[in-house]
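Here's the letter readout for the chains.
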Amino acid sequence: MRAQPTSREGDGSSPRRGGASAARPPWLRPLVASLAVAAAALLAVALVGPVAVVRAGARRAAACLASVEAPRGPALPDCRSEIRWFAMPSRLPWTYRAASAHAEELGVRAAVAEYVDAAVGRPDRAALAGATETVETAQAMVAAGSGRITFDELGPACGAPRLAREAARLGDRRTLLERPDRWPDWHVRVQTLRAALSEGDLPRALAIASSYAAMDPRDEDLRTTVGAILCLGTGAEAKRGVELLTLNQNDRASKRHAGMSRNWGELRAVLVACAARAGVEPPAMPEAPEAGVADAVEARLAQRARLAAAAGQGAAEAKQRALRAIRDLLGSAAALDPQARGDLLAVVLAEDEALDAAGAAALARPDDALDGEDEPAAGAPSAAPALRAGSPLAIDWLPERGLARPVLSGSLRARAAERAAELAAAPQISPPERDTLREVAWALALHAARELALEGDAPRAIDALDRSAALAPGTAQEAARALARSSAWLLAGDRDRALALLERIDVAAAPPALRAAVLLQRAELLASRGRQLDAARAAVLADEEAAARLSGGAGTRAGLDLLDVRTRWTRLALARPPGASPLRQGGPPALLPADPSAAWPWVGFASLDAPWARDGQPAFSRALATWSAARDAPPSTRRALRYAALRRRGDAPPALVPYAALAAQLLGDGEGDPEVWLDAFLALDAARFSLRHYTFARAEAARWRGDDGSAAAWQRRHEALRAVASDPTRAEIARYIGL
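Residues numbered from 1 in each chain as written. Predicted model: local features only at pLDDT ≥ 70, side-chain atom pairs only at ≥ 80, totals over all residues. Heavy atoms only, no water.

**Quick word on the overall build of the chain**
Using the following cut-off: Per the convention used, a helix needs a DSSP run of H or I reaching at least four residues, while a strand needs a run of E reaching at least two, with both numbered from the N terminus. We call a residue buried when its accessible area falls under 20% of the maximum for its residue type, exposed when it is over 50%, and partly exposed in between, using a 1.4 Å probe and counting protein chains only. By the convention used here, residues are in contact when the closest approach between their heavy atoms is within 4.5 Å. Using a 1.4 Å probe, the Shrake-Rupley method yields the accessible areas, and only the shown protein chains count as cover for residues.
Helix and strand content of the chain: 31 helices and 2 strands. Counting over 739 residues, the chain shows a buried share of 51%. Restricting to contacts in the chain with at least 6 residues of sequence separation, those with at least 24 account for 70%. For the chain, the accessible surface area stands at approximately 32,900 Å², while carbon and sulfur atoms represent 54% of it.

Have a look at this one:
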C-alpha cells in the first residue's frame, strides 16, 4: 500500500496557515503605514522645526531692533526677550551654530542700543554711565565666544562692540576720561585728549599725554597730538614733546606712504615753539627733504620775528634778519593771500622802526605803483582794498584751526594799526599812499580788536578801534565800528554792553550788508538775554535784509554768501509761528517724508565747493524745511529723527550756535537732557571747529534755551582754553592742536 500525504502545500488546506490568515485584522496594514508616516513626520519636525524656530526668531529680533530707531514711545523696546527663540535650538547640534550666532548678535545689538538710547532716544547722563557696563559685558561675551568683528544678520552691518569706539562716537567725555589707558585705538586716544581739552582741563590733558608718550606711540597723528599737548607744559614735558615732534618732522620729510607725503611746515612751527618753552635748541631742519616740504612759510617767519623780539638786545641781528625776510616776501609775492599779507605787514609795522610811509604803502599793495603819477579821479574808488579788513561780526572772530596764517598777539596788531595810522598822516606821501595806509590802519585795528577780544580784553580792543578811527578817519562806517565794539564786548563776556552798543546804531542809515550783520548779532544777543520775541523779530529782519542783498545782484562768496546762510539758520532757530515764519517765502514746504530715516538731506557744509555753495542747488532749502518740520513733529517722530540725524552728522553749517540751538529743540520738555544729546549730535562736527569756537557755541546755545547752568559750565571751559591760547609762548601750539 502507498502512504497518503498528511498535507498539501499551496492549496490553502493547511489548518495552521488558514487559521493565521483568518486571524489578521484588515486595518493592520494601514495602521502600520500611518505609524511609519507619523514617525517620519516627527523626525522631520524634530530636524526642521528648530531651524524654522531660529529663522522666525531672527525675523522677530530684527524687527524689534529696527523698532528702536523707528517712531516709538520713550521706553526702549525689550529686544533681549527675543533670545528665548534661540534657547532650545542652541542645545541641538544641527542648529547650535546659527542659534548661538543670532543670540550673540542680539545681545550685542541690544547692549549698544541701550547705550545709544541713553544719549539719543531718552538722553540721560546717569543712564549713559550705567549703559557702559552693558557694552563692556557684550564686548567680553564676543571675545569669549565667536570673536567676530562684524555682525550683519539681524540688521545693517556693524562692528563688534567696543566701548572706546562707542564712547567716542557719542561724545561721552566722562567715559573716555575715566579710563584713558585702556583704549587701544590711536584715534580713540586722540579723541580722549581732545575730550580733556574740551573740559578745559589742561593738567588732565598733560597727564594723559604723558601716559601715552610713555607707551611710545607709533601712529603719526597720535604722536603729533601727544607731542603738541606736552609742549603746552614745561620742563620735562616740553622736552619729551620736542622728541616726539622731531620724529614726525623727519618722517614727513623723508617718507612717502602709498605715493603720498605730508608737509611739515606747521609741525616745524610747533617744534620751534616747543623748544623755546623747554629751553633747548630746536633740532635742525631736514636737509634735502625727499617727501613733504616745509610749508606755512608766513607763520614761521612771523614766529621767527616774535622769538627774536622776545630775546631782547642779544637777538637784535636775528630780529633784523627775520624782518628783512618778511619784507622780501611782501615785496616779491604779489599774489600773497590778503590775510597773510596783513599779518606779515603787522609784524613789520610793529617791529621795524626804520620802515617809512612810502615803504609801508608799497608793501601793502605791491602790485600798484602808488607813485602819485596816475592818481585816480576825485571820488573814484581804488581797484581793490589794500588789505582785507574782515567781518566785524563776533561769529567771524572765533579762531580757526591750524597754522595756515601767522599767529600774532593782539598787542602787536594794535601797535601795527597805530603805526599805520601815524604813517598815513606823513606829509610827504601821495594821496593814493595815504588812502592805502588808512585802509591798512582800519584793517589792522579790526584784526587787533579781534585778537584782544579773544584774549578777553575788550577795553583794549575798543581802544585799538578808537585810536585807528581818530588817526585815520573815514576808513569805515560808524555802524561797522559800533558792530566791532559790540563784538569785542560779546567775546569778552559782557553781553549787556554789547547789546547796548547795537541798540544805538541807526540801522536804516547803514549799507544793506551791514544792516543784515547788525540785525543778526542783535538777534543773537537778544536770544542770549532771554528776550525770545525780540530776538525772533530781529532774526527775521536780518534774514530779509540778507535776501534783499542777494536778490539785488551783490557779489556772493562761493556762490552763496555766508552771511545769508547764518541769517537763515538763525531765523529758523529763533522764529516760531504764529509770531513769525521760520522760513523764507518761496522755499519748499516744511514736510517730513514717510520714512524718518530719509529725512535729512546732505548739504555739504564741510566744503565751500560742496552743493550748498552752488547756485540753484535745493539741498540747503530742503534742509531748513526739514528742520522746521522736525521740531514740530510728535515726540515719537522726533525720537526717530534724532536717530536719523545721528547718522547724518558731519554736516554742521558755518553757524554753529543756531545749529546747536535748533538740534536741542528736537527734545521736548521732559524728554531728556539736551546737553547729553548735543554731545552725541556734535561729536563728529566738533573736530571741524576750534575748541574755543565749539565751547563758545555750546555756551551760547545753552543761553538761547535758558539753561544757565550749562551755559556757565561751557563758559568756564571756554575761558580756560582762552587762557592757554592767549599765552604768546603757546600760541602756535594752541592753534595747531585746535584750541
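**Some words on the packing of helix H24 (residues 562-574) against helix H25 (residues 619-631)**
The angle between the axes and the distance between the axes are what describe a pair of packed helices. Filter applied, for reference: All axes are obtained by fitting lines to C-alpha atoms, using only the stretch in contact for helices, and the reported angles, taken between N-to-C directions, cover 0 to 180 degrees. By the definition adopted for this analysis, an angle is roughly parallel if under 35 degrees, roughly antiparallel if over 145, roughly perpendicular if from 65 to 115, and oblique otherwise. For a crossing to be left-handed, the near helix must be turned anticlockwise from the far one by less than a right angle; the clockwise case is right-handed. For this classification, Asp, Glu, Lys and Arg are treated as charged, while Ala, Val, Leu, Ile, Met, Phe, Trp, Tyr, Cys and Pro are nonpolar and the rest, including Gly, are polar.
Direction vectors running N to C along H24 and H25 enclose 15°, while the axes themselves pass 10 Å from each other. Taken together, H24 and H25 sit at an angle that is classed as roughly parallel. The way H24 lies across H25 gives a crossing that is right-handed. Here Val565, Arg568, Trp569, Leu572 and Ala573 of H24 come into contact with H25, specifically with Phe620, Ser621, Leu624, Trp627, Ser628 and Arg631. Split into classes, the residues belonging to the contact of H24 with H25 amount to 7 nonpolar, 2 polar and 2 charged.

**Structural notes on the nonpolar core**
Here is a general trend for soluble globular proteins: nonpolar side chains tend to be buried in one another's company. Definition in use: The term nonpolar core refers to a set of buried residues drawn from Ala, Val, Leu, Ile, Met, Phe, Trp, Tyr and Cys, joined through side-chain atoms within 4.5 Å.
If you look at the biggest cluster of nonpolar residues, it comprises 215 residues, and the most contacted ones within it are Val226, Leu349, Leu444, Trp569, Trp600, Trp627 and Trp677. Those residues in contact with Trp677 that lie beyond four places of it in its chain are Ala119, Val120, Pro123, Arg642, Ala645, Ala663, Ala664, Leu666 and Leu667. Formed by 6 residues, the second largest nonpolar core is a distinct cluster that contains Val108, Ala138, Val142 and Phe151.

**Notes on the layout of surface pockets**
The following threshold applies: Using protein atoms alone on a 1 Å grid, points that fit a 1.4 Å probe yet trap it form a cavity, whereas open point sets bounded by protein on both sides within 12 Å along at least five of seven lines form a pocket; residues with an atom within 4 Å of a point count as lining. Grid points are joined across faces, edges and corners, and a volume is the space filled by probe spheres set on the points.
Each pocket or cavity is described by its volume, and for the second largest pocket that value is around 750 Å³. For the second largest pocket, the lining is made up of 31 residues, of which Glu69, Arg109, Pro156, Cys158 and Arg647 are closest to its centre. Elements with a contribution of two residues or more to the lining of the second largest pocket: helix H2 (28-68), helix H3 (96-121), strand S2 (158-159), helix H5 (163-169) and helix H26 (635-646). Take the lining of the second largest pocket: its biggest share by element is 5 residues, from H3. For the lining of the second largest pocket, the per-class residue count stands at 21 nonpolar, 3 polar and 7 charged.

**What about the packing of aromatic side chains?**
Counted only if it meets this: Aromatic rings from Phe, Tyr and Trp, taking only the six-membered ring of Trp, are treated as a pair when their centres fall within 6.5 Å; an angle between ring planes under 30 degrees marks them as stacked, one over 60 as edge-to-face, and anything in between as tilted.
Summed over the entire model, instances satisfying the criterion amount to 10 aromatic pairs. Ring centres of Trp627 and Tyr659 lie 5.8 Å apart, and the angle between their planes is 70°; this geometry places the pair in the edge-to-face category. With Trp627 in helix H25 and Tyr659 in helix H27 (residues 656-664), this pair connects stretches of sequence that are 32 residues apart. As far as the burial class goes, Trp627 and Tyr659 line up, both buried. Centre to centre, the rings of Tyr694 and Trp714 are 5.7 Å apart; their planes meet at 90°, and the pair counts as edge-to-face.

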